[in-house]
Structures are given as C-alpha cells and as structure tokens.
Amino acid sequence: MQLAIWNEPSAEFIASGLTSGAVASPFEVVRADPAACAVMLASGKVDVALLPTLTVLREPDRFDVVPAVALSSWSYPFARLVLREGLGAAIRTLAFDPVHAQETLLAAIVLKEHYGVTPQMVPYPNTDRAALLASDDDARLLVGPDVPTMQIDALAMDLGQEWYELSNYPMVWGLFATRKGEMTPEMVHALKAMAEAAEAQRAVWIRAQETSPALHAFYHDDLRVRFDDLATASLTEFRQYLFFFKITEEVPELPVVYLSEEDDGEDDDRPLL
C-alpha cells in the first residue's frame, strides 16, 4: 500500500514510527507537500494520505477519515502571523501565499474572533517567505519549515497557540484519509501502529534532530498524534467556523469511519490513541 505524508518536520515525526524499525508496516511511504498529497490520493496514486483538515472538510463526501490518528498541536512554530506594528496599530492588510489555504483561513479566524480585526487579504502567489516578510502589508503570514529560524524584527504570533487561546483546544492540522469507501482494517491497524511507535521513541527522535530550545519543547510537549476527545472538540469548533466564514454552505460532516468490533480484532490489545 502507498502512504503519502507531508515532507514537513511535524509530519516526519509521525512517519518516524515506520522508519524506526519498531513495527512491520505494509506501507510504502511517499513524501510530498500537502497539496501534492491530496492530488496523489484523488488520482489513485496512493491508497491513504495525510491531508490538511480544511481539504477534508471542504469535500467530506470524497473522503473517509482514519480514526485514532491525526496531526495536531498546542502550538505551531512553522506558521506565524507577523504584525509590522504590533497589535496596537491598525491591521488593514494581510499578505499570504494562497498555497497555504488552511493557515490563511486560520489567521483570518484568529484576527476576527480574537482581536476584532478583518483585514483585506492580499495574495502573493509563489512568493518566497523572505519576500513576503519584506512586503509593506500590516500583517504577513509565514508558513514553512524555515519559519522558526527566520530573523523577524516584529511581533510574530504562533498560529497554533493563537488557535488554542481562542478555542482552548489543539489545532488539528492534518487527518489521514482514503478515498470514499476504500478504507480497510489493515490500513487502520498500520497507521495506529505507526503512531504508537512514533510516540514510544519520541525522545530518541528528538535527540536526533537539530533543534533550538523552542523547537525541542514543541516536539516534546506540543506535537500530538492522538485523534482523541480534544482533537474531536477542536474539529467541532473549526467546522463551525467554516460555516460562519462561508467556506462551506453548512457545518460540514466529519467523515470518520470506525471499524466494527469484528473488523477491529478482538485480540488486538493495542490502546487507541
């Protein structure tokens, strides 16, 4: 089976459950950016993929979501909202790269609901982060693996932490999904085993990374792989905002497929994440 997963540090932690050798896996892993993962799943090039939550919720009739495993966090140093003059000044414009649709929507939600600001959205397609940061806009949205190490001489707000302060829940960045009707018990068991193996060797994986103290704390304390009650509550909040911000015509369904007890295996004593 083919598994597409993001070529980003947070997703690489989950994939480490496969590369650690702790579990035997039926998956051949393909790494790509989030948009490419969605295209590969839709075209049938992979069987299961990590997809942005927004991608799934925009078209819930196209996907089945795997239970137990998801990518969420209490903070997210790879997505920062940079305010040129801080919160005390007017925020009239927000510069963003349209490829980061989920983070852009989240920034708009946070600014409106938490700070009472609705800036004009200014797209900069295919613009590198340094050029985006250098724009004259009042706010700039920076997303990517190099964001934590960028030199930023302005207020830089962690978008994951802002969502937590707004909702009291961790932000669910990605869900594992298959095409509608194609999920199998083998996929679910394999993804659960991958997540459990990643959790078990989290400390070892962190030591192998070149991290700053802030990133070390993120990987150790804030990055989550559990699709639990906290993740579900966060998704409920996010789904309501999609309707409120007119991204969807109604509050979208969350197309999670739960296995029957027979399919889940009576002898499988691994704990649900």
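This text goes with the structure placed above it.
Owing to the predicted nature of the structure, the values given are computational and were not obtained by experimental measurement. Going along each chain's sequence as written, the residues are numbered from 1 onward. Side-chain atom pairs in this predicted model are given and counted only at pLDDT of 80 or more, local residue features only at pLDDT of at least 70, and totals for whole chains, interfaces and linings cover all residues. The basis for every side-chain value is the complete set of heavy atoms in the structure, and neither hydrogens nor water enter the calculation.

Together, D61, E249, E250 and E253 give the surface a local cluster of negative charge. Every helix listed is a DSSP run of H or I at least four residues long, and every strand listed is a run of E at least two residues long, numbered separately from the N terminus. As for its placement among the helices and strands, E253 is situated in the loop between α10 (229–244) and α11 (261–264). Candidate patch residues must exceed 30% relative accessible area and have no salt bridge, after which like charges are joined if within 9 Å and Val, Leu, Ile, Met, Phe, Trp or Tyr side chains if within 5 Å. Accessible surface area values rest on a Shrake-Rupley calculation with a 1.4 Å probe, where residue burial reflects the displayed protein chains alone. Salt bridge, as used here: a side-chain nitrogen of Lys or Arg that lies within 4 Å of a carboxyl oxygen of Asp or Glu. Neither His nor the chain ends is counted toward charge; the positive residues are Lys and Arg and the negative residues Asp and Glu. The atoms used to mark charge sites are NZ of Lys, CZ of Arg, CG of Asp and CD of Glu.

Before going further, it helps to spend a moment on the pairing of strand β4 (residues 63–73). Three exposure classes are used, based on accessible area relative to the maximum for each residue type with a 1.4 Å probe and protein chains only: buried under 20%, partly exposed in between, and exposed over 50%. For β4, a buried count of 11 out of 11 residues is recorded, marking the element as mostly surrounded by other parts of the structure. A pair of strands is treated as paired once DSSP finds two or more bridges between them. Here β4 pairs with strand β10 (residues 171–179) via 7 bridges, running antiparallel. Each bridged residue has a counterpart across the sheet, and for F63 the counterpart in β10 is R179.

Moving on, we come to the pattern of salt bridges. Throughout the structure, instances matching the rule amount to 9 salt bridges. R31 is the partner of E12 in a salt bridge, and the nearest nitrogen-oxygen pair spans 2.8 Å. Here R31 lies in strand β2 (residues 28–32) and E12 lies in helix α1 (residues 9–19), a separation of 19 residues in the sequence. Given a relative accessible area of 25%, E12 falls into the partly exposed group. Put simply, E59 and R62 hold a salt bridge, and the shortest N to O gap is 2.9 Å. Among the residues examined, E59 registers a relative accessible area of 36% and is labelled partly exposed. Using a relative accessible area of 38% as the deciding quantity, one classes R62 as partly exposed. Beyond isolated ion pairs, a larger network of salt bridges with shared partners links E199, R202 and R226.

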